[in-house]
Amino acid sequence: QVQLVESGGGLVQPGGSLRLSCAASGSIKSIYGMGWYRQASGKQRELVAGISSGGSTNYADSVKGRFTISRDNANNTVYLQMNKLKPEDTAVYYCNAAGRNMWQQPFDSWGQGTQVTVSS
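Computed from a predicted model, the values in this text were never measured in an experiment. (Residues numbered from 1 in each chain as written. Predicted model: local features only at pLDDT ≥ 70, side-chain atom pairs only at ≥ 80, totals over all residues. Heavy atoms only, no water.)

1. Considerations on the nonpolar core
- By size, the foremost hydrophobic cluster in this structure holds 29 residues, and its most contacted members are W36, V48, F67, V78, L80, M82 and Y93.
- Of all the secondary structure elements, the ones that give two or more residues to this core are β1 (2–7), β3 (18–26), β4 (28–39), β5 (46–51), β7 (67–72), β8 (77–82), β9 (91–101) and β11 (114–118).
- Filtering out sequence-adjacent residues up to four positions away, V78 remains in contact with L20, S21, C22, M34, W36, I51, I69, S70, R71 and C95. (Core = buried A, V, L, I, M, F, W, Y, C linked by side-chain atoms within 4.5 Å. Buried < 20%, exposed > 50% of the residue type's maximum accessible area, 1.4 Å probe, protein only. Helix = DSSP H or I, 4+ residues; strand = E, 2+ residues; numbered from the N terminus. Contact = heavy atoms within 4.5 Å.)

2. Considering the pattern of salt bridges
- Summed over the entire model, instances satisfying the criterion amount to four salt bridges.
- Ionic pairing is found between K64 and D61, a salt bridge with its closest N-O pair at 3.1 Å.
- Note that D89 and R66 form a salt bridge whose closest N and O atoms lie 2.7 Å from each other. Within this pair, whereas D89 is found in the loop between β8 and β9, its partner R66 is found in the loop between β6 (57–59) and β7, the two being separated by 23 residues in sequence. For the pair D89 and R66, one class covers both residues: buried.
- Shared partners join several salt bridges into a network, and the residues in it are R38, E46, R66 and D89. (Salt bridge = Lys/Arg side-chain N within 4 Å of Asp/Glu carboxyl O.)

3. Looking at the side chain of R66
- By relative accessible area, which is 8% here, R66 ends up buried.
- A polar side-chain atom of R66 sits 2.8 Å from the main-chain carbonyl oxygen of S62.
- Of note is the side chain of R66, whose polar atom sits 2.7 Å from the side chain of D89. (Polar contact = N/O pair within 3.5 Å; in protein donor to acceptor, adjacent residues only side chain to side chain.)

4. Details of the packing of aromatic side chains
- Taken as a whole and assessed by the stated rule, the structure comprises one aromatic pair.
- Residue placement shows R19 over the ring face of Y79; its charged tip is 4.1 Å from the ring centre.
- When the ring centre of Y94 is taken as reference, the NZ or CZ atom of R45 above it lies at 3.8 Å. (Phe/Tyr/Trp six-rings, centres within 6.5 Å; stacked < 30°, edge-to-face > 60°. Lys NZ or Arg CZ within 6 Å of the ring centre and 35° of its normal.)

5. Details of the pairing of β9
- Among the 11 residues of β9, eight are classified as buried, and the element is accordingly described as predominantly covered.
- Inspection of the sheet shows β4 paired to β9 by 10 bridges, in the antiparallel sense. What sits directly across from I28, in β9, is N101.
- Pairing analysis gives three bridges linking β9 to β11, with the strands arranged antiparallel. Across the sheet, residue A91 finds its bridge partner in β11, namely V116.
- Where β9 lies against strand β10 (residues 106–110), five bridges are found, and the strand directions are antiparallel. Its bridge partner lying in β10, N96 is registered against W110.
- What sits between the antiparallel neighbours β9 and β10 is a turn of four residues, in which Q104 has the positive phi angle 65 degrees. (Pairing = 2+ DSSP bridges.)

Next up, the structure:
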C-alpha cells in the first residue's frame, strides 16, 4: 500500500500564493511520475502539473508562468507552488504518484485532496 498525504490548502485572496505539499509513504520501491490534479465544483478532474523522476515538468496552459511543480526524490515528496492565484483556480487539488512497490508491482495512488479557495 502506498499512501499520499497532502497539505497546504486554504483560503487566499486573488493575487496571493499558496504552497501545496504531498508526501508518499508505504512500500515504495520507486516513483516514476508525480503530479497535481484539480477538480472544481461541477467540472471534471484535470491535470495541473506533472513531474518525472528526472525532473521533467509539464503544465496546464491555464497555470503556466504562475505555478511551479517540484519534487524531493529522497523524501518521496512533491510540491506545487501557486502564485498569482485567480478565483478560477478554486478547486480541490489532488496529488498523484505512480511507480512500483517493494514487490515490483505497479501502483497508481491518489491523495485525499485539499481545498484551495481563491476569493476576496
